[in-house]
Amino acid sequence: IAMRKNFKAFSRGSLEFLYPENAKVLAFLHRHDDEMVLVYVNLSRFSQAVEIDLARFANCSVMEVFSQNYFPAIKESPYLITLGPHAHYWFVLRPQSAAVRASQERVIPTLNIVPNLQTLLADGLRSLFEREVLPDFIRHCRWFGAKARTIRELRIAEQTPLSGKGSAHFWFLEVTYTDGAPETYSLPVQIAIGEAAHAIAQAVPQAVIARFAGADEAILHDAIWDAAFRGQLFRVITQRQRVKGKSGELLGVPGNSLPVDDVVPPSQVLRAEQSNSSILFENKFFLKLYRKLEDGMNPDVEITRFLTERRGFAHVPAFAGAIEY
């Protein structure tokens, strides 16, 4: 039902039956504006093969909705599909040129809801947001390392609000693929309104996840581009804060050399972003936000801390602190 709600063609589109020669297979097409959904249903308790003349859609790409796998493109010859007992397929048909553009260009979606992080993850909208908005966003992020893999499902596995009214949230995105092991990525999110939203959208448009409909400009964005969020990260470490999430907590772990006062140095995000994100605090502290998360102690943290606190080795940047989950 949740998947069906993602396509207006099911409820608002036209219905066209295709009448294959194999009468045990029901085939029909839903169309709404540029959206086309082709449905196959095997009414038999035995496996069936079916050929349908789809020449008018020649060169269209064929994406199976649930797995997001691409099937062979449609040609002038009849299109052959095999179905298991009582099986069904939902296919989205797209002209290949449009499919190629969609993979290269990102259109920022507009959400017709109140700009609030809790409302965003309410039951009615969460499924659509996880299936449509977030997968498209992370595919275009430089730190997402699985661009060549096909995403099967993405879900927000953890959400941790930092302290303060209107503060940012830390999301852990659990991404499963059609093949291979799943991965978890960190994505801090924040809502900006008015001039702050306009400034971020102009300076770093790639950081905008979605826009909110309304008179005032409001966006959901990657929170590292918010100075207040960067200050919150710094205080989590210096003040040994524990920030509770749904399933665990973030813990600030300061090093021996880190000051404990409440003064946060001015910060900036380094533009040379690769697999992680880097933040500089007044040329004194360098903070690396790991995007791809794995179980266990990160070797980078473990080695740097050992050399600083156990060996007093002066020829590496000194360990100043970390945030652990």
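Residues numbered from 1 in each chain as written. Predicted model: local features only at pLDDT ≥ 70, side-chain atom pairs only at ≥ 80, totals over all residues. Heavy atoms only, no water.

Observations concerning the overall build of the protein chain
Argument step 1. In terms of helices and strands, the protein chain carries 7 helices and 21 strands.
Argument step 2. Over its C-alpha atoms, taken along the principal directions, the protein chain stretches across nearly 80 × 50 × 35 Å.
Argument step 3. Every one of the 325 residues in the protein chain was classed for burial, and the buried ones make up 42%.
Argument step 4. A fraction of 57% describes how many contacts in the protein chain between residues 6 or more apart in sequence connect residues 24 or more apart.
Argument step 5. For the protein chain, the computed accessible surface area is about 18,000 Å², with 52% contributed by carbon and sulfur atoms.
Argument step 6. Here the protein chain carries 36 positive and 35 negative side-chain charges, and the mean point of each set is 2 Å from the other. (Helix = DSSP H or I, 4+ residues; strand = E, 2+ residues; numbered from the N terminus. Buried < 20%, exposed > 50% of the residue type's maximum accessible area, 1.4 Å probe, protein only. Contact = heavy atoms within 4.5 Å. Areas by Shrake-Rupley, 256 points an atom, 1.4 Å probe, with all protein chains shown as cover. Lys, Arg positive; Asp, Glu negative; His and termini not counted. Charge placed at Lys NZ, Arg CZ, Asp CG, Glu CD.)

Let's talk about the pairing of strand β3 (residues 35-42)
Argument step 1. Burial runs high along β3: 6 of the 8 residues are buried.
Argument step 2. Relative to β3, strand β2 (residues 25-32) is paired through 8 bridges, and the arrangement is antiparallel. Across the sheet, residue His-32 finds its bridge partner in β3, namely Glu-35.
Argument step 3. Inspection of the sheet shows β3 paired to strand β8 (residues 88-95) by 5 bridges, in the antiparallel sense. (Pairing = 2+ DSSP bridges.)

Quick look at the packing of aromatic side chains
Argument step 1. One pass over the full model with this rule turns up 16 aromatic pairs.
Argument step 2. A centroid spacing of 5.9 Å and a plane angle of 80° characterise the contact between Tyr-40 and Phe-91, whose relative ring orientation is edge-to-face. You can see Tyr-40 sitting in strand β3 and its partner Phe-91 sitting in strand β8, a full 51 residues away along the chain.
Argument step 3. Between Phe-71 and Tyr-89, the aromatic rings sit 5.6 Å apart at their centres with planes inclined by 70°, giving edge-to-face as the arrangement. A residue pair is termed long-range when its members are at least 10 positions apart, and Phe-71 in strand β6 (residues 70-71) and Tyr-89 in strand β8 qualify at 18 residues.
Argument step 4. Look at Phe-71 and you get partly exposed, because its relative accessible area is 27%.
Argument step 5. Grouping aromatic residues by their ring pairs yields a cluster made of Phe-7, Phe-10, Phe-66 and Trp-90. (Phe/Tyr/Trp six-rings, centres within 6.5 Å; stacked < 30°, edge-to-face > 60°.)

Here's the deal with a nonpolar patch on the surface
Argument step 1. Together, Leu-15, Phe-17, Tyr-19, Leu-26 and Leu-43 give the surface a local cluster of nonpolar side chains, amounting to about 540 Å² of exposed area.
Argument step 2. Secondary-structure assignment places Leu-15 in strand β1 (residues 14-17).
Argument step 3. A residue is classified by how much of its surface remains accessible, and Leu-15, at 47% relative accessible area, is partly exposed. (Patch = residues over 30% accessible without salt bridge, like charges linked within 9 Å, V, L, I, M, F, W, Y side chains within 5 Å. Salt bridge = Lys/Arg side-chain N within 4 Å of Asp/Glu carboxyl O.)

Brief notes about the sheet that holds strand β16 (residues 249-254)
Argument step 1. In spatial order, the strands read β15-β16-β21; together these 3 strands make up an open sheet with antiparallel pairing. Edge positions in the open sheet fall to β15 (242-244) and β21 (321-324), since each of these has one partner strand only. For this sheet, the mean angle separating the axes of adjacent strands, direction not counted, is 10°.
Argument step 2. Examined bridge by bridge, β15 and β16 share 3 bridges and lie antiparallel to one another. Residue Val-243 lies in a different strand from β16, and its bridge partner there is Leu-250. (Axes fitted to C-alpha atoms, helices over the stretch in contact; angles between N-to-C directions.)

What to know about the sheet that holds β1
Argument step 1. One open sheet accounts for 6 strands, arranged β1-β2-β3-β8-β5-β6; its pairing is antiparallel. Single-partner strands in this sheet number two, and they are β1 and β6.
Argument step 2. By the bridge criterion, 2 bridges tie strand β5 (residues 60-64) to β6 in an arrangement that is antiparallel. Of the residues in β6, the one forming a bridge with Met-63 is Tyr-70.

A word on helix α5 (residues 195-203)
Argument step 1. Among the residues making up α5, those that are buried are Ala-197, Ile-200 and Ala-201. Down the axis of α5, the sector holding all buried residues measures 100°, keeping them to one side. Turned more than 90 degrees away from the buried face of α5 sit Glu-195 and Gln-202, all of them exposed.
Argument step 2. Packed against the buried residues of α5 are β12 (183-193), β13 (208-212) and β14 (218-222). (Arc of directions from axis to C-beta.)

Examining the pairing of β2
Argument step 1. As defined by bridge partners, β1 adjoins β2 across 4 bridges and the pair is classed as antiparallel. Along β2, the bridge assignment pairs Ser-14 with Arg-31.
Argument step 2. Hairpin geometry of β2 and β3 is characterised by an intervening segment of 2 residues between the two adjacent antiparallel strands and by a positive phi of about 55° at Asp-33.

With respect to the pattern of salt bridges
Argument step 1. Evaluation of the coordinates by the stated rule reveals 9 salt bridges.
Argument step 2. Residues Glu-183 and Lys-292 are paired through a salt bridge, measuring 3.1 Å at the closest nitrogen-oxygen approach. A residue pair is termed long-range when its members are at least 10 positions apart, and Glu-183 in strand β12 and Lys-292 in strand β20 (residues 292-293) qualify at 109 residues.
Argument step 3. Arg-291 is the partner of Asp-222 in a salt bridge, and the nearest nitrogen-oxygen pair spans 2.7 Å.

Quick look at the confidence of the model for the protein chain
Interpreting fine coordinate detail is not advised for predicted regions of low pLDDT.
Argument step 1. Chain-level pLDDT for the protein chain is 87 on average; 93% of the residues reach the 70-or-more range.
Argument step 2. Looking across the protein chain, the model is least confident in helix α2 (residues 96-104), with a mean pLDDT of 52, and most confident in β14, with 95. (pLDDT = per-residue confidence, 0-100.)

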